[in-house]
There are 2 protein chains.
Amino acid sequence: MALLGFERHDHDSCVSDTLSAAEAHCAEAGLRLTPVRRRVLEILLERHRALGAYDILETLAAEGLGSQPPVAYRALDFLVKAGFVHKIERLNAYVACAHPGDSHAPAFMICRSCDSVAEAQASLAAGALGDAAKAAGFRIERTVVEAEGLCPGCLKRGDAT
Amino acid sequence: MALLGFERHDHDSCVSDTLSAAEAHCAEAGLRLTPVRRRVLEILLERHRALGAYDILETLAAEGLGSQPPVAYRALDFLVKAGFVHKIERLNAYVACAHPGDSHAPAFMICRSCDSVAEAQASLAAGALGDAAKAAGFRIERTVVEAEGLCPGCLKRGDAT
DNA sequence: ACTCCAATGTTATTGTGTAACATGGCTTGC
DNA sequence: GCAAGCCATGTTACACAATAACATTGGAGT
């Protein structure tokens, strides 16, 4: 039983549901969810946390699905472009999208103590930064919003207060 | 919402003023703005753009101020902690703070065509993400807010539209 | 059967960042 | 003065992150 956001949930079904949804979406959009790509997404869903490309590669290698960095990076590129996975810039790590299908301006809360990551929606461009961009004549195409701090669990335990 | 990044300004005085202010602040706070640290800040101010640690190191090395990565990284760590420099996570690069002294929740606009970076203020924690964090019981300590897109100059020239 | 193209396999390299330990120099208390 | 301790720096070596470039495979369409 792992954490979504910072709460418990039915993890088995969350994994299989998301995989099914991804398959359906790919079929519809003419994208190819190949074995490696599918397995990378599954790994991220199973572990349910931000993983480095080399962590993922380790698992792939153990399963005979590829042992060199480009294998992992190419699968991740595909999944990120398709919107199934997000990159956490602050951690140089990747995490399965928690709101697949939703329109996307993801924001993340990253616990500096246990490294758990929760995804929220933040339509940044609509707020103060959007105004600043408009004033400056800057055209926003993508946003990175990541908050670092302490998750409820670590706060409660008094970790790294 | 002051912007430095995409507009002309008196660069010489911006460099020397900021350096003086940094010196004053360090003296007051009991921090040591050593030659390497001071020079790194000066390099960032002079070039007035986001620089990788190894770019900075190259300049330092040419001046006999240190040739190994830890020299640059330690100086950058100091400057970031002191608030004189920000790291742009999306670029793995560092940029001198454009609003030294102000209370700090910096936000950045990054041009994907010319790599220029403008700094704005965005009190993120006060907005939608702050609400989400409060609801989740997450304590925000630091925020990374970076918008990627096209700056006015590149838009006007039609670069990479 | 052939061609094309997308995906994968593989080698090698570049870029980013840190661990760990040695040295030097200042300051603070004695 | 001088010893102790601390902070900054010097240096080696390495770990982690990402990509370039090229070879190979395998299916889709003709």
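Basis of the calculations
Residues numbered from 1 in each chain as written. Chains lettered and ligands numbered in written order. Predicted model: local features only at pLDDT ≥ 70, side-chain atom pairs only at ≥ 80, totals over all residues. Heavy atoms only, no water. UniProt positions renumbered as here; feature names shortened; annotations may be inferred. Helix = DSSP H or I, 4+ residues; strand = E, 2+ residues; numbered from the N terminus. Buried < 20%, exposed > 50% of the residue type's maximum accessible area, 1.4 Å probe, protein only. Contact = heavy atoms within 4.5 Å. Areas by Shrake-Rupley, 256 points an atom, 1.4 Å probe, with all protein chains shown as cover. Lys, Arg positive; Asp, Glu negative; His and termini not counted. Charge placed at Lys NZ, Arg CZ, Asp CG, Glu CD. Buried area = accessible area lost by both parts, 1.4 Å probe. Salt bridge = Lys/Arg side-chain N within 4 Å of Asp/Glu carboxyl O. Near = heavy atom within 4 Å. Polar contact = N/O pair within 3.5 Å; in protein donor to acceptor, adjacent residues only side chain to side chain. Core = buried A, V, L, I, M, F, W, Y, C linked by side-chain atoms within 4.5 Å.

Per an unreviewed UniProt entry, chain A carries the name Fur family transcriptional regulator, zinc uptake regulator and comes from Tranquillimonas rosea. Per UniProt, chain A has the following entry under Sequence similarities (unreviewed entry): "Belongs to the Fur family."

Examining the overall build of chain A
Looking only at helices and strands, chain A features six helices and seven strands. Going residue by residue from the N terminus, the α and β elements of chain A occur as β-β-α-α-α-α-β-β-β-β-α-β-α. Of all 161 residues assigned to chain A, the portion counted as buried reaches 45%. Here the analysis covers contacts within chain A between residues at least 6 apart in sequence; of these, 50% occur between residues at least 24 apart. Here chain A displays about 8,100 Å² of accessible surface, and carbon together with sulfur accounts for 50% of that area. The averaged location of the 21 negative side-chain charges in chain A is 4 Å from the averaged location of its 17 positive side-chain charges.

Let's talk about the interface of chain A and chain B
Across the contact, 34 residues belong to chain A and 35 residues belong to chain B. Looking at the side of chain A facing chain B, the largest losses of area belong to Leu129, Phe138 and Arg139 of chain A, adding up to 21% of the total buried there. The interface formed by chain A and chain B holds six salt bridges in total. Here Glu89 of chain B makes a salt bridge to Arg90 of chain A, at a shortest N to O gap of 3.0 Å.

Thoughts on the pattern of salt bridges
For the structure shown, the criterion picks out 22 salt bridges over all chains. Here Arg139 of chain B ties to Glu141 of chain B by a salt bridge, and the two come within 4.0 Å at their closest N and O atoms. Arg139 of chain B sits in the partly exposed class, given a relative accessible area of 34%. Ionic contacts of the salt-bridge type, sharing partners, join the residues Lys87, Glu89 and Arg142 of chain A together with Arg90 and Glu148 of chain B into one network.

Re the protein's contact with DNA strand C
Taken together, 17 residues form the shell around DNA strand C, and within it Thr34 and Arg74 of chain A together with Tyr54, Tyr73 and Lys87 of chain B come nearest. Taken together, the sugar and phosphate atoms account for 43% of what DNA strand C places within 4 Å of the protein. Contact between DNA strand C and Thr34 of chain A: a phosphate oxygen at 2.6 Å from a side-chain N or O atom of the residue. A distance of 3.2 Å separates a phosphate oxygen of DNA strand C from a polar side-chain atom of Arg37 of chain A.

Here we look at the nonpolar core
Formed by 23 residues in total, the largest nonpolar core has its most connected members in Leu41 and Leu44 of chain A. Those elements that place two or more of their residues in this core are α1 (11-29), α2 (35-47), α3 (53-62), α4 (69-82) and β4 (93-96) of chain A. If you look at the next biggest cluster of nonpolar residues, it comprises 22 residues, including Leu41, Val85, Tyr94 and Ala96 of chain B.

Describing unusual backbone geometry
Positive phi, normally seen in glycine, also occurs at Asn92 of chain A, with a value near 45°. On the secondary structure map, Asn92 of chain A appears in the loop between β3 (85-88) and β4. Using a relative accessible area of 42% as the deciding quantity, one classes Asn92 of chain A as partly exposed. At Asp115 of chain B, a residue that is not glycine, the phi angle is positive and equals roughly 65°.

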